[in-house]
Amino acid sequence: MDLSYTPEEEEFRAHLREWLAKVLPTLPPKPSPDDWPGRRAYDLGWQRMLYDAGYADVHWEGTPSVRLIFLEETERAGAPYVGANFVGLLHAGPTIAAEGTPEQRARWLPPVLRGEEVWCQGFSEPDAGSDLAALRTRARRDGDDYVVSGSKIWTSHAEVADWCELLVRTDPDAPRHRGISWLALPMDAPGVTVRPLRTLAGSAEFAEVFLDDVRVPVANRVGDENDGWRVTMVTLSFERGTAFVGEVVACRRVLGELAVTARRNGRWDDPVLRRRLGRLNAEFRALWRLTQWNVSEAEASGGVPGVGGSVFKLRYSHARQELYDAAAEVLGADSLDLERPWVLDRLSSLSYTIAAGTSQIQRNIVGERILGLPKGR
């Protein structure tokens, strides 16, 4: 498989680098991590700059290789992350682009690209654990609306979102994977209550969402009724396949900074630590190659990442945790100081083996869909 880039793709990279070098020094200071309205405004302002420069739609219209180059170069340049806009740009948007009707694409995609609307993800539920198909949020058909009742948890950026990609059960009597539908929920609809959740790291980018007889138009359903599980697999393939690409680049940068710090504070004299950093270097180089392989596969199959994204997600989650455990070794006693670099990253890394599908679920996917092993009973 050819993992190299075409001359046209390298030209795109050069133009992007030139643009980033010009605009990044002009950005205003980042708002406080706890100022979510400010962070929303900052993130959407950056998205508008991308839109005006012609880079806003690379996640949907560009080839997988172009998306890979974009994420690689923006991370290397220290450009803002998509932040509050990540569900719209990296999950809901690509799903609607792939599965939505022309009317749905015309309604929802341009505001995301222009930095006008934010989406959140309403998948997980308190009683479902890792088993997404065990969701209980009900949607009863009433004329041209669904009447939705239930609750969601770990709803990313719900407190500042305009829309929610929502999974609901539309047929409680169907086998559990066949009675689910994918809806676009307006977050200002009557009956929606949002309660922010504070994480171990002290941030509040997640929330509980309670739905009390919320009316959602049938026209907001993406895909057919009761076909939401298939649509969800498209969403998750984007989430696991390409959404973490920029983070791999960031981890490789952090690894280099750890080596510099270890040489400065004397930790480099520990041969066990040096071997650990060397192994992590090999790990992230391999993960980058796996990313390129997944992107090449996506290009060959129409642009939607395949189950190889689960292999990447499984290994990346653990490698990230190992990286920040190594950072704690380099920092020593300073690893308890929340003001030091990498300390909050270490706390947030604990969630990566749960977020976007637990490692146990990823192992099941790899075993059943890639290795062809029988399903457990």
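Scroll up to find the structure.
Here's what I pulled together on the structure shown here.

Definitions and limits used
Residues numbered from 1 in each chain as written. Predicted model: local features only at pLDDT ≥ 70, side-chain atom pairs only at ≥ 80, totals over all residues. Heavy atoms only, no water. Helix = DSSP H or I, 4+ residues; strand = E, 2+ residues; numbered from the N terminus. Buried < 20%, exposed > 50% of the residue type's maximum accessible area, 1.4 Å probe, protein only. Contact = heavy atoms within 4.5 Å. Areas by Shrake-Rupley, 256 points an atom, 1.4 Å probe, with all protein chains shown as cover. Pairing = 2+ DSSP bridges. Core = buried A, V, L, I, M, F, W, Y, C linked by side-chain atoms within 4.5 Å. Axes fitted to C-alpha atoms, helices over the stretch in contact; angles between N-to-C directions. Parallel < 35°, antiparallel > 145°, perpendicular 65-115°, else oblique. Left-handed = near helix turned anticlockwise from the far one by under 90°.

### Concerning the overall build of the chain
(1) Moving on: Along its length, the chain carries eleven helices and eight strands.
(2) Moving on: Relative to its full complement of 377 residues, the chain shows a buried share of 52%.
(3) Moving on: Nonlocal contacts in the chain, meaning residues at least 24 apart in sequence, comprise 73% of its contacts between residues at least 6 apart.
(4) Moving on: Total accessible area on the chain stands at roughly 17,600 Å², and carbon and sulfur atoms take up 52% of it.

### Topic: the pairing of strand E5 (residues 180-186)
(1) Moving on: With seven of its seven residues buried, E5 lies for the most part within the structure.
(2) Moving on: Residues Ile 180, Trp 182, Ala 184 and Pro 186 line one face of E5 and the alternating positions Ser 181, Leu 183 and Leu 185 line the opposite face, and both faces are buried.
(3) Moving on: Bridge analysis of strand E4 (residues 163-169) against E5 gives seven bridges, and the strand direction is antiparallel. Paired with Val 168 across the two strands is Ser 181, which belongs to E5.
(4) Moving on: Relative to strand E8 (residues 221-222), E5 is paired through two bridges, and the arrangement is antiparallel. Each residue of the ladder has a partner; that of Leu 183, found in E8, is Arg 221.

### A short note on the nonpolar core
(1) Moving on: Within the largest apolar cluster, 44 residues are counted, with the highest numbers of intra-cluster contacts made by Phe 12, Trp 19, Trp 46, Phe 70, Leu 258, Phe 284 and Leu 323.
(2) Moving on: Listing elements by their share of this core, those giving two or more residues are helix H1 (7-23), helix H2 (36-53), helix H3 (64-76), helix H7 (245-265), helix H8 (271-300) and helix H9 (308-331).
(3) Moving on: In terms of residue count, the dominant contributor to this core is H9 (nine residues).
(4) Moving on: Those residues in contact with Phe 70 that sit more than four places away from it in its chain are Phe 12, Leu 16, Leu 50, Tyr 55, Val 58 and His 59.
(5) Moving on: With 27 residues, the next largest nonpolar core counts Phe 86, Ala 92, Leu 113 and Ala 184 among its residues.

### Quick look at the packing of helix H4 (residues 86-99) against helix H5 (residues 102-113)
(1) Moving on: Closest axis-to-axis distance for the H4/H5 pair is 10 Å, and the angle between their directions is 160°. One way to sum up the angle between H4 and H5 is to call them roughly antiparallel. Crossing geometry of H4 relative to H5 is assigned as left-handed. Here Gly 88, Leu 89, Gly 93, Ile 96 and Ala 97 of H4 lie close against H5, whose contacting residues are Gln 104, Arg 105, Trp 108, Leu 109, Val 112 and Leu 113.

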